[in-house]
Every structure is written in structure tokens, then in C-alpha cells.
Amino acid sequence: MDKILADYRNQLGDFEIVEIDEGRVEKIREELDIEAPVDLHWTWNYGNEVEELAALYERGKKGQWNAETDIHWDTDLPLDEWFLPREGVLMLPTILTMMEADEATCKAAAADEFAFTISQLLHGEQAALQICGQLTNSCPTMDAKFYAASQVADEARHVEVLSKLLQRKFGTIYPIGGTLKILLDKLLQAPTWKTKTLGMQTLFEGVAVGILDVIQKGSTNPLVSDIIRRVKMDEARHAAFGILTMRRTVQSATEEEMVEMEDFAFNILETLNANQQLDMLNVLGPKYGIDPHQVVEMAMGLPNWAEINSELFMHTVVPNLARLGLITERTEQQYREIGVMHGDRFGTGIDEDVRASMN
Ligand SMILES: [Fe+2]
Ligand SMILES: [Fe+2]
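Residues numbered from 1 in each chain as written. Chains lettered and ligands numbered in written order. Predicted model: local features only at pLDDT ≥ 70, side-chain atom pairs only at ≥ 80, totals over all residues. Heavy atoms only, no water.

### Side note on helix H4 (residues 103-138)
Here H4 contains 36 residues, and its C-alpha end-to-end distance of 52 Å stays within 8% of the 52 Å for a straight helix at 1.5 Å per residue. Looking at where H4 begins, the residue whose side-chain oxygen comes 3.2 Å from the main-chain nitrogen of alanine 104 is aspartate 102. (Helix = DSSP H or I, 4+ residues; strand = E, 2+ residues; numbered from the N terminus. Expected span 1.5 Å × (residues − 1). Polar contact = N/O pair within 3.5 Å; in protein donor to acceptor, adjacent residues only side chain to side chain.)

### Comments concerning the pattern of salt bridges
For the structure on display, the rule yields 27 salt bridges. Note that arginine 237 and aspartate 154 form a salt bridge whose closest N and O atoms lie 3.1 Å from each other. Here arginine 237 is found in helix H8 (residues 222-252), whereas its partner aspartate 154 is found in helix H5 (residues 142-170), with 83 residues between them in sequence. Note on arginine 237: relative accessible area 6%, which makes it buried. The class for aspartate 154 is buried, based on a relative accessible area of 1%. Residue arginine 230 pairs with aspartate 226 through a salt bridge whose shortest N-O separation is 3.3 Å. (Salt bridge = Lys/Arg side-chain N within 4 Å of Asp/Glu carboxyl O. Buried < 20%, exposed > 50% of the residue type's maximum accessible area, 1.4 Å probe, protein only.)

### Topic: unusual backbone geometry
At glutamine 276, a residue that is not glycine, the phi angle is positive and equals roughly 45°. Note on placement: glutamine 276 falls in the loop between helix H9 (255-274) and helix H10 (278-284). On the basis of relative accessibility, which here comes to 10%, the residue glutamine 276 falls in the buried class. Look at glutamine 277: it is not a glycine, yet its phi comes out positive at around 60°. Among the residues examined, glutamine 277 registers a relative accessible area of 38% and is labelled partly exposed.

### Thoughts on the coordination of the iron ion (ligand 2)
Protein coordination at the iron ion (ligand 2): the donors are Glu155 (OE), Glu205 (OE), Glu235 (OE) and His238 (ND1), at 2.0 to 2.2 Å from the metal. Classification of the site at the iron ion (ligand 2) as irregular follows from its 4 donor atoms and the range of 75 to 159° in their angles at the metal. Written as a sequence motif, the donor residues of the iron ion (ligand 2) are E-x49-E-x29-E-x2-H. The metal-metal distance between the iron ion (ligand 2) and the iron ion (ligand 1) is 3.1 Å, with glutamate 155 serving as a donor to both. Here glutamate 155 is found in helix H5, whereas its partner histidine 238 is found in helix H8, with 83 residues between them in sequence. Of the two residues, glutamate 155 and histidine 238, both sit in the buried class. (Donors = N, O, S within 2.8 Å, 3.2 Å for Na, K, Ca; no water. Tetrahedral: all angles 85-135°; square planar, octahedral: opposite > 155°, others 65-115°.)

### Here's the deal with the environment of leucine 166
Residue placement: leucine 166 occurs in helix H5. Along the primary structure leucine 166 and lysine 194 are separated by 28 residues, whereas in three dimensions their C-alpha atoms are 33 Å apart. Leave out the neighbours within four places in its chain, and leucine 166 touches Ala115, Ile118, Ser119, Leu122, Gly171, Thr172 and Ile173. (Contact = heavy atoms within 4.5 Å.)

### Examining the coordination of the iron ion (ligand 1)
For the iron ion (ligand 1), the protein coordination sphere consists of Glu125 (OE), Glu155 (OE), His158 (ND1) and Glu235 (OE), at 1.9 to 2.2 Å. Angles of 87 to 145° at the metal separate the 4 donor atoms of the iron ion (ligand 1), which places the site in the irregular class. Along the chain, the residues that donate to the iron ion (ligand 1) are spaced as E-x29-E-x2-H-x76-E.

What follows is the structure, encoded as C-alpha cells:
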């Protein structure tokens, strides 16, 4: 299988990075109409066929909330105060602290990077909204259609709440990064509901649960904490759907299909990782006197780079793939080489919110 974005790969030291130049990114962003055929599937069986999805749908109905009226939007979020730890969660304030930048600069960079990250999550939410619409069409059972429809409502709410957070408290929404847009289009164009589920619910929502968990644990602002907690509770259900559905899928998959899914997962995660946040660093780095390539090279030179780099992936997505049998000896070493897998391939276990959604 060919690498994604093969034309935008360069060596940085020993590492192959993906970096799209700004001119090309503009064009990628302008591609608003995407050909994404969907195989629609009718069913006449209106009884419950898939017990665990019926339960998940029930849980989803009870878990609905209103992004306008349930959120205390009048809560202050002063951007000149720390609302996440100075180091550890965000990259820019960590680097600027090492560069001995003044306090105000570190805080401004933290606010900018947070807004950038939430903006990327927002664009990902829009993709999730559209993919779940596709799944409602193509899933084979009524239980899966009910569940997918409820996720459509969840994702609409996430688009609403994150865009309101950005507009009301940060006054800006950053445009989508080129790498992310290309990868999201791949998921929207994935040929079957199985690959869409693997791509969106297992890979992307797995990564999202990791990001949300880190923000939730670090946030000291009640508004941010409340929004992230609510979104993460919903995402945990979505990740649970991914695991439950993929479990059934791999049980009935042929060897050839397993290889295909394993490669698909590896290629998506490899590309995401190969960007090394350069999409963010290229936009925000220059504003704070940070050289993007220098930062990436420096990070890679750290003795514990693989451990730090793999943290987000080892939170949920890699252990899930390993449990599903979608990381085998064939790809395990490659995952380790690019710093996406570190330590025990099964990680420390399933995120507690995801586990709670599965029971
Ligand atoms: Fe979402
Ligand atoms: Fe989701």
C-alpha cells in the first residue's frame, strides 16, 4: 500500500516527516465538494439483533445535553491566566519556558495553541457528523442505524459547542491543517461502513479521547472542564461503538480483509504522526520566534522521545488495535520505529469512560 501524501515527505534527520506547503494547503481547504459514494442498505428487521448496540443507543438517549442552555457560557475564561498547566499538555508554552520567554508570552502562546487544537477537533467533529450520516445509510442492522443516528445528533452538538467556545471566548477559529483534511477525506471516501467505522470510531475517536482526557485532567477553568467532560462522555460512547462493532467485524473477516484493515490503520496513524504537529508549528511558531524544524529535531533527539511521542497513541488507539488483532508482528515493529508504540502493546487498559459505555 502506498504511503499517504507521498509527494509531501522529507527526511528530517532519521525521520520521514509529512509537511504540506502553505500554497497547497490553501487548495486542499478549498476542496469542499468531495465525491464520497455510500452503499445504502435497507433492512426489514425491526427487532433487536445486536444487543450491545441497542444498549448503547439507550445510553445515548439518556446522555443528551443542550450545548446552548446546559453550558454556563457566562463563566469567565481569561486568556491572560493559566487555564492549563504551564508545561506538559501544550507544546508551545513548554518550548517557550525552556527558551526563558516571559510569562505573558508563554500565556499568549498557550491560548493560541489551545485555540488551534480545539479548532482541529472542531473540523474533526464536522467530519464525524458527515461520516455518521453515511453510517446511518450503510450499516446493516436497525440497531446500528439507530445508534449511528444518535451519534449524528451528538456530533452536531459537538460542532455547535466547540465553535461557540472558540467564537465566544477566543474570537477565532483556525483553519483546518492540510494533513488532517487529507486524512478526513480518506475516511469519508472509505469504501465500506466497516472501514469508515475503523477510521472514524476506532482511529480518530481513539486519538480524540486521548486529547480530551489530557485537557480534562489539566484544565483549571470550570467552563473548559465542563465542555470537555461532556464531549468526552459522548466520545466514550462513540469509541465503545467502534470497539464493539470492530470486534464482530474482525471475527468474520477473511485473512485478506484483516491485512487490508491493518494496513489502512497503520497508514492513517503513520501519516498523522509523520506531521509531528508541523501544521500547528508552521502557523504559530514564527509568531513566537520558534523554528518548527528545529523544535521537531530537538524533540526527536531526546532520549525518551518515543515514550513522550507515543503517549497520545498508547492512551486508547494502539491498545485497541492490538486487542482487535489489527496490529500483528508484521506492523508492530514499524509502529515502534516511528514512535507510535512504546512499552506494552496493550497499554494500560481501556479508558474508564469508554469501558463504562461498553458495560
Ligand atoms: Fe464528537
Ligand atoms: Fe464522536
